[in-house]
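Here is how the chains run, residue by residue.
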Amino acid sequence: MAEEGGGAGADGAGAGAGGAGGAGGEPRLASELGDGTRAVRAGLPPAEQGTPFLPGPTFAAPYHLRGDGIAEAEYGYGRYANPTWSGLEEAIATLEGGAGVHALTFPSGSAAVAAVLFGLLRSGDVVVVQQDGYPAARDMATENMGALGVRTRLVPTDTAALVDAARGAALVVVETPTNPGLDVVDLAAVAAAVRETGAPGARLVVDNTLATPFGQRPLELGADITLLSGSKHLTGHGDLLLGTVATRDERLLAAMRGWRQRAGAILGPFEAWLAHRSLATLDVRLQRQCASAQALAELLAARVGDDLVAVRYPGLPGDPAHALAARQMRAFGTVLTFDVGDDADRARALLAHCELISEATSFGSVHTMAERRARWGMDAVSEGLIRLSVGIEDAVDLARDLTRALDATR
Ligand SMILES: *Cc1c(COP(=O)(O)O)cnc(C)c1O
């Protein structure tokens, strides 16, 4: 594990390199407030007469910066800090766990993964990732980290396998629920294994993209860092890419911020503003999406053994992940999969028959989307597996569209 030899200020330039509000100030919103309230209010500035609720984006490369006292300036150069990021970072920190949590934003979820791996690992370290984890993260760990002398342990999505693999590891990266597998890992059990059997200073990182901070709070379950692709639910409108990390550990924060500053992997101010604006509706979007996903999963489950081979959704009582998900998660999510069997043609025809459900990759958007996952050739999945991401359209319309397409292609 990296001993932080210089994080925030390591590039010599002090201004904005980690000043108080420069990146993820202490969340000011009480954490006992409900999810909907926090979604609307998190990261907004104090109510000053005549100012907007959410200030518009600040577009700046250099900021005015006179004299030598640059370390005191919150903002000095656009690659180090930006006020529009600061508001969003405070909001993310609020949602991920509140007091003592700090967040950083990145231009994509993959850049957030890079900040974790490149910022924290050193030659000789062992990193654990899942075989069916997000492909960019898995490949970055094996190929890029491997080239730097980091050893990667690839393990199946299984709590016992991850607990085993944590022995001697510097970093364990867990994605739960996985996608498209929708398997769930016991985070508290893996966190205990990382603490007890990991290398000195070992850390647990949780990719919380699928669950979102409202579906699951990894920092409360023992994770050191939680990361998200905000390109999915967090922003939810299918119109921007975003990555975030959040942690209580100042040293980890400084290492990841230092990497961001040196690599220049920074979010544009306009995207930061759009993302913050979108957060306000996160709770209402998720409530609707999760309820519709449950209804569609039940509709599909009733056809298993008839024209479907399997349905996976953690919210189905018969699902292999249900018991653990019910214990660990606060909502079962917006993504489900169903399998028409080893029949790529039917899966293609079914998607072509849908009028409302759009064929597209990704998930978490207000638009309902589905795809035949095997078309990517990246996951070990059946030819007929369809991943469905449920949006905020009326559930009855979605059910009708899906039923029509299933009936027409059975
Ligand atoms: C999409 C995704 C990522 C990568 O995020 P981008 O914003 O596309 O770079 C990482 N992890 C998970 C689980 C994802 O779904």
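Residues numbered from 1 in each chain as written. Predicted model: local features only at pLDDT ≥ 70, side-chain atom pairs only at ≥ 80, totals over all residues. Heavy atoms only, no water.

1. As for the site of the ligand
For step 1, the next point in the chain: Around the ligand, the structure places Ser108, Gly109, Ser110, Tyr134, Glu175, Asp207, Thr209, Ser229, Ser231, Lys232, Leu242 and Phe363.
For step 2, the next point in the chain: Contact distances for the ligand include 2.6 Å between an oxygen atom and a side-chain N or O atom of Ser231.
For step 3, the next point in the chain: Here an oxygen atom of the ligand and a side-chain polar atom of Lys232 are 2.7 Å apart.
For step 4, the next point in the chain: Among the residues making up the shell around the ligand, the classes are represented as three nonpolar, six polar and three charged. (Near = heavy atom within 4 Å. Polar contact = N/O pair within 3.5 Å; in protein donor to acceptor, adjacent residues only side chain to side chain. Nonpolar A, V, L, I, M, F, W, Y, C, P; charged D, E, K, R; others polar.)

2. A look at the UniProt feature "modified residue: N6-(pyridoxal phosphate)lysine" (unreviewed entry) in the chain
For step 1, the next point in the chain: As recorded in UniProt, the sites labelled "modified residue: N6-(pyridoxal phosphate)lysine" (unreviewed entry) are Lys232.
For step 2, the next point in the chain: Along the chain, Lys232 falls in the loop between β6 (225–229) and β7 (243–247).
For step 3, the next point in the chain: Lys232 sits in the buried class, given a relative accessible area of 10%.
For step 4, the next point in the chain: Residue contacts for Lys232: discarding those within four places in its chain leaves Tyr134, Thr209, Ser362, Phe363 and Gly364. (UniProt positions renumbered as here; feature names shortened; annotations may be inferred. Helix = DSSP H or I, 4+ residues; strand = E, 2+ residues; numbered from the N terminus. Buried < 20%, exposed > 50% of the residue type's maximum accessible area, 1.4 Å probe, protein only. Contact = heavy atoms within 4.5 Å.)

3. Structural notes on the packing of helix α11 (residues 344–353) against helix α12 (residues 395–409)
For step 1, the next point in the chain: Direction vectors running N to C along α11 and α12 enclose 140 degrees, while the axes themselves pass 8 Å from each other. If you check the angle between α11 and α12, you find them oblique. In this structure, α11 crosses over α12, and the sense of that crossing is right-handed. Along its contact with α11, which presents Arg346, Ala349, Leu350 and His353, the element α12 presents Asp401, Ala405, Leu406, Ala408 and Thr409.
For step 2, the next point in the chain: In terms of residue class, the contact of α11 with α12 is built from five nonpolar, two polar and two charged. (Axes fitted to C-alpha atoms, helices over the stretch in contact; angles between N-to-C directions. Parallel < 35°, antiparallel > 145°, perpendicular 65-115°, else oblique. Left-handed = near helix turned anticlockwise from the far one by under 90°.)

4. Here we look at unusual backbone geometry
For step 1, the next point in the chain: Along the chain, Thr176 connects to Pro177 via a cis peptide bond; the corresponding omega equals -10 degrees.
For step 2, the next point in the chain: Its place among the elements puts Pro177 in the loop between β4 (171–175) and α6 (187–197).
For step 3, the next point in the chain: A cis amide bond links Asn179 with the next residue in sequence, Pro180, at an omega value of 10 degrees.
For step 4, the next point in the chain: Residue placement: Pro180 occurs in the loop between β4 and α6.
For step 5, the next point in the chain: Phi at Leu182 takes a positive value of approximately 60 degrees, unusual for a residue other than glycine.
For step 6, the next point in the chain: The backbone of Thr212 sits at a positive phi, close to 70 degrees, despite the residue not being glycine.
For step 7, the next point in the chain: Of note, Thr212 is situated in the loop between β5 (203–207) and β6.
For step 8, the next point in the chain: Given a relative accessible area of 2%, Thr212 falls into the buried group.

5. Re the environment of Arg400
For step 1, the next point in the chain: Considering the arrangement of structural elements, one finds Arg400 in helix α12.
For step 2, the next point in the chain: Residue Arg400 is classed as partly exposed on the basis of its relative accessible area of 45%.
For step 3, the next point in the chain: The spacing of Arg400 and Cys354 is 46 residues in sequence and 9.6 Å in space, taken between C-alpha atoms.

6. Some thoughts on the pairing of strand β9 (residues 335–339)
For step 1, the next point in the chain: Where burial is concerned, most of β9 is hidden: five out of the five residues are buried.
For step 2, the next point in the chain: Across the two faces of β9 the burial is the same, with Val335, Thr337 and Asp339 and Leu336 and Phe338 all buried.
For step 3, the next point in the chain: In terms of strand pairing, strand β8 (residues 310–312) meets β9 through three bridges, oriented antiparallel. Each bridged residue has a counterpart across the sheet, and for Ala310 the counterpart in β9 is Asp339.
For step 4, the next point in the chain: Note: β9 against strand β12 (residues 385–389), five bridges, orientation antiparallel. Across the sheet, Asp339 pairs through a bridge with Leu385, a residue of β12. (Pairing = 2+ DSSP bridges.)

7. Structural notes on the sheet that holds strand β3 (residues 151–155)
Across a sheet, paired strands are connected by hydrogen bonds in the backbone, their directions being either parallel or antiparallel.
For step 1, the next point in the chain: What the seven strands build is an open sheet, ordered β1-β7-β6-β5-β4-β2-β3; its pairing is mixed. On the outer flanks of this sheet lie β1 (102–106) and β3, each paired with one strand and no other. Strand-to-strand twist in this sheet, taken as the mean axis angle between neighbours without regard to direction, amounts to 20 degrees.
For step 2, the next point in the chain: Packed on one face of the sheet, helix α7 (residues 250–263) meets β1, β5, β6 and β7 and runs near 20 degrees to β1.

8. Remarks on the nonpolar core
For step 1, the next point in the chain: With 31 residues, the main nonpolar core has Val116, Leu117, Val127, Leu171, Val245 and Met256 as its most contacted residues.
For step 2, the next point in the chain: If you list the elements that add at least two residues to this core, you get β1, α3 (109–120), β2 (126–130), α4 (135–147), β4, β6 and α7.
For step 3, the next point in the chain: By residue number, the principal contributor to this core is α3, which donates eight residues.
For step 4, the next point in the chain: Filtering out sequence-adjacent residues up to four positions away, Met256 remains in contact with Leu104, Phe106, Ala115, Val116, Leu120, Ile225, Val245 and Thr247. (Core = buried A, V, L, I, M, F, W, Y, C linked by side-chain atoms within 4.5 Å.)

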